Amino acid sequence: MTVDCVWSLGATLGEGPLWVPGEAALWFVDIKQRHIHRFDPASGSRGRWQAPDQVGWVQPTADGRWLTGLKSGLHWFDPEASTFTPYLDPEPGTPDNRLNDSAVDPHGRLWFGTMDDLETAPSGRLYSLGDGPRAVPTDSTCCITNGPAVSPDGRLLYPVDTLGKTIWRHEIGTDGALGRGDILIEIEDGAGHPDGAICDAEGNIWIGLFGGWGARCYAPDGTLLRHVEFPVSNVTKIALGGPDLKTAYATTAAKGLSEDELARQPLAGGLFAFEVAIPGVPASQIRIGI
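Residues numbered from 1 in each chain as written. Predicted model: local features only at pLDDT ≥ 70, side-chain atom pairs only at ≥ 80, totals over all residues. Heavy atoms only, no water.

## Examining the packing of aromatic side chains
Part 1 of the argument: Considering all chains together, one arrives at 15 aromatic pairs under this definition.
Part 2 of the argument: Taken together, a centroid distance of 5.8 Å and an interplanar angle of 85° make the contact between Trp49 and Phe77 edge-to-face. Taken as a pair, Trp49 in strand E5 (residues 46-50) and Phe77 in strand E8 (residues 73-78) lie far apart in primary sequence, 28 residues in all. There is no split in this pair, since Trp49 and Phe77 are both buried.
Part 3 of the argument: Seen in terms of ring centroids, Trp206 and Phe274 are 5.8 Å apart; in terms of plane orientation they differ by 55°. Their pairing is tilted. In this pair, Trp206 is assigned in strand E19 (residues 205-210) and Phe274 in strand E24 (residues 271-275), connecting sequence segments 68 residues apart.
Part 4 of the argument: Given a relative accessible area of 3%, Trp206 falls into the buried group.
Part 5 of the argument: It is Arg65 that lies over the ring of Trp76; its NZ or CZ is 3.7 Å from the centre. (Phe/Tyr/Trp six-rings, centres within 6.5 Å; stacked < 30°, edge-to-face > 60°. Helix = DSSP H or I, 4+ residues; strand = E, 2+ residues; numbered from the N terminus. Buried < 20%, exposed > 50% of the residue type's maximum accessible area, 1.4 Å probe, protein only. Lys NZ or Arg CZ within 6 Å of the ring centre and 35° of its normal.)

So this is what it looks like as structure tokens:
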């Protein structure tokens, strides 16, 4: 297994990698530096946009636009004009929270989470975007929400409780409501904290391990299938891309590392890539709530 650094950009908190097949490019963010990045592996071209606030993710919509999650809520993002236009604030009464991670299910429903920016209060909540637009809260609350991952058939949602070191499994109803849910995976002590999550074409769940020096792939029943070691400790999230969706791109973070640790991890915060046997699922576009 070869894990290569394809862009040593030194992100403070790289997150949210998303492969966009129509562009054959990877989009991702650096939350703390407030950057949106675009990487074209074929040409090597790299783009960067400065967001007005901490930015957790960017997702394409079915009508050709981009929606992004900032600390202050959902915004329309125009890459050509480099502009951000407010759209919806899901939590106007919680100024210490910020948006963190997201996923779009095959029906075009956006799922996104909030979290306490100080990482201490259990004020984070998982939402879906409904028509109106409106943020539809779920019963899932914790300090740091992550993921969620969505099964390829759109029937299951896997939210991540990072500090609780658990990955949950919920059925998604036909109306978009979540079932009660159960804990599918618990990360053992010493293995880091589960961060972003995605599913491959067979429904296996890839999870980045913050402080765990790697990423893991679990079967739909929670069985550990694969552990990939990295030369950096904070692996945040995987995206499966490339022409055959078999190239795993991984964002990482330099956040929280001491000067000595950074000296031992010169590639911390870089974008990495490795090959997998099972392809990913083409990214869905937001259709509901826009």
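## Concerning unusual backbone geometry
For residues besides glycine, phi is generally negative; the peptide bonds are generally trans as well.
Part 1 of the argument: Look at the link from Gly132 to Pro133: it is a cis peptide, with omega at -5°.
Part 2 of the argument: Along the chain, Pro133 turns up in the loop between strand E12 (124-130) and strand E13 (134-142).
Part 3 of the argument: Note the cis peptide between Gly147 and Pro148, where omega equals -5°.
Part 4 of the argument: Position of Pro148 relative to the elements: it lies in strand E14 (residues 145-150).
Part 5 of the argument: In the Ramachandran plot, Ala24 falls in the positive-phi region, its phi being about 50° despite a non-glycine side chain.
Part 6 of the argument: Here Ala24 is to be found in the loop between strand E2 (14-20) and strand E3 (25-30).
Part 7 of the argument: Looking at Ala24, the relative accessible area reads 37%, which means it is partly exposed.
Part 8 of the argument: Its identity is not glycine, yet Lys165 carries a phi of approximately 60°, on the positive side.
Part 9 of the argument: Counting through the fold element by element, Lys165 comes out in the loop between strand E15 (156-161) and strand E16 (166-171).
Part 10 of the argument: A relative accessible area of 14% means that Lys165 is categorised as buried.

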